[in-house]
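# Residue-level structural notes
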Amino acid sequence: CFWRRIFAKSRDSALGALSRCAFMRFRQSSDTSLIARSLSSMRDADDGPENSLLLSVLRHSAAEKFDASQHSGLLSLLKERAFSPVSAHDVGWSALGFQGDDPATDLRGAGLLGLRHLLHFMASGRGVIILRENERCIRDRASFPLAMASLNVTHMLCSHLRLLERPSPQVPLCSRTTLSQFARLSLACPSALSLIQAELLSALAERWRVLGRSCPKLNLMHFPEQLDAVRLAMIRVLARLPEHYPWSLPSVLMAVRRAGTAHTHTGRRPRPRSGLKHGAQSRSVVAVACSRFADA
């Protein structure tokens, strides 16, 4: 049991009471932000053990799988937030950027945390803006695959921050200093991970929007290249953040957004794969992109 291991490590310290308090909050809501607020309110001069505990909680959250029997209410909430402000009728999960009519298939990799991040992005209002822009897209130009993009960003961010047991091989692990700084930031702001993910996703959507202005035949063949650009920007900006004093959340979010949208190119186009028609190319790219975070 995850929490039994935490208790065993902290049985003879003041952290034992803190971890038991966090456990009770976790059982009631499964919301890591509540746990982080509990930890933050009980901080002392030495935040090393707190960092370790919080990272354990975040890793447990990142490893939690989506279970349709338990989490169907979150999918209903996502559908309400996504489609109600945009269209009077249900246009299907594919309009949100899922591969098909069963979103559980795409959630196998990013898990429950990926769904929560997508819900957070929709609640911020930015997701609704993207969906409205998608409705106005020219027929020959692909719309931004919001759900697929969000799940990819969640997985690459958690991989880089060492929160996954099996991180993506395409994403290098961050340094221990970066990990420690992120933990301290999460203690100060429980929603730090979700907010950073939202900025990366917004940067990816902005790159897609800019590319579409000069590429009338924009399609999903372009998506992996844009995702790679945001991934490299994320790695670079987190490595360049201060090491010797705590991160400031506004500074982190601003740096992530600027790096993600910097040097947006509009002229380069990927070569079409020989022997594939346009529709087959699009389906192939969706499968490749989603396979980056799917379970083996």
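Refer to the preceding data block for the structure.
Counting starts from 1 at the beginning of each chain's written sequence and moves along it residue by residue. Whole-chain, interface and lining totals are the exception, using all residues; otherwise, since this is a predicted model, local features are given only for residues with pLDDT of at least 70 and side-chain atom pairs are given and counted only at 80 or more. In computing side-chain values, all of the structure's heavy atoms are included and hydrogens and water are not.

## Describing the overall build of the protein
- Under the DSSP-based scheme used, a helix requires at least four consecutive residues in state H or I and a strand at least two consecutive residues in state E, with every element numbered from the N terminus. Helix and strand content of the protein: 13 helices and zero strands.
- Partly exposed describes any residue whose relative accessible area lies between the buried limit of under 20% and the exposed limit of over 50%, with all areas from a 1.4 Å probe on protein chains only and scaled to the type maximum. By residue count, 49% of the 296 residues in the protein fall in the buried class.
- Of all intrachain contacts in the protein linking residues separated by at least 6 positions in sequence, the fraction that spans at least 24 positions is 71%.
- Within the structure as shown, the protein displays about 14600 Å² of accessible surface, and the carbon and sulfur contribution to it stands at 51%. Here a residue-residue contact requires only that any non-hydrogen atoms of the pair lie within 4.5 Å. Surface accessibility follows the Shrake-Rupley procedure with a 1.4 Å probe radius. Residue values consider only the protein chains on display as shielding.

## With respect to the pattern of salt bridges
- Think of a salt bridge as a Lys or Arg side-chain nitrogen and an Asp or Glu carboxyl oxygen that are within 4 Å of each other. Applying the stated criterion to the full structure yields five salt bridges.
- Note that R126 and E199 form a salt bridge whose closest N and O atoms lie 3.1 Å from each other. Residue R126 is found in helix 7 (residues 126-135), and its partner E199 is found in helix 10 (residues 192-214); the two are separated by 73 residues along the sequence.
- The exposure class assigned to R126 is partly exposed, which follows from its relative accessible area of 25%.
- For R209, the salt bridge identified is with E206, shortest N-O distance 2.2 Å. Here E206 and R209 lie together in helix 10, a separation of three residues that amounts to about one turn.
- With a relative accessible area of 27%, R209 lands in the partly exposed category.
- For E206, a relative accessible area of 23% puts it in the partly exposed group.
- Residues joined in a network through salt bridges with shared partners are R126, E199 and R257.

## Looking at the side chain of Q197
- Along the polypeptide, Q197 turns up in helix 10.
- Beyond its immediate chain neighbours, meaning those up to four positions away, Q197 contacts H117, S150, V153, T154 and L157.

## A few points about helix 11 (residues 223-240)
- Helix span, as expected, comes to 1.5 Å for every residue beyond the first. For helix 11, spanning 18 residues, the distance from its first C-alpha to its last is 26 Å, which sits close to the expected 26 Å at 1.5 Å a residue.
- Listed as buried for helix 11 are F223, P224, Q226, L227, V230, R231, A233, M234, I235, V237 and L238.

## Quick look at the nonpolar core
- Counting 75 residues, the largest nonpolar core has L78, L96, L115, F144, L146, L163 and F182 as its most contacted members.
- In terms of residues, this core owes the most to one element, helix 10, which gives ten residues.
- Beyond its immediate sequence surroundings of up to four residues, L163 is in contact with L55, L58, R59, A62, C158, F182 and L193. We define a nonpolar core as any set of buried Ala, Val, Leu, Ile, Met, Phe, Trp, Tyr and Cys residues linked to one another through side-chain atoms lying within 4.5 Å.

## Section: the packing of aromatic side chains
- Two aromatic rings, drawn from Phe, Tyr or Trp (for Trp, its six-membered ring), form a pair once their centres lie within 6.5 Å of each other, and the interplanar angle then sorts them: stacked below 30 degrees, edge-to-face above 60, tilted otherwise. If you walk through the whole model with that rule in mind, you get three aromatic pairs.
- Relative to F98, the ring of W93 has its centre 5.6 Å away and its plane inclined at 85°; by these criteria the two rings are edge-to-face. Across the pair, exposure class does not vary: W93 and F98 are buried alike.
- Site record: aromatic cluster; members linked through ring pairs are F144, W208 and F223.

## What about the environment of L238?
- Examined against the element boundaries, L238 turns out to sit in helix 11.
- Residues L238 and L179 lie 59 residues apart in sequence; the distance between their C-alpha atoms is 9.6 Å.
- Those residues in contact with L238 that sit more than four places away from it in its chain are H160, L161, T178 and W247.

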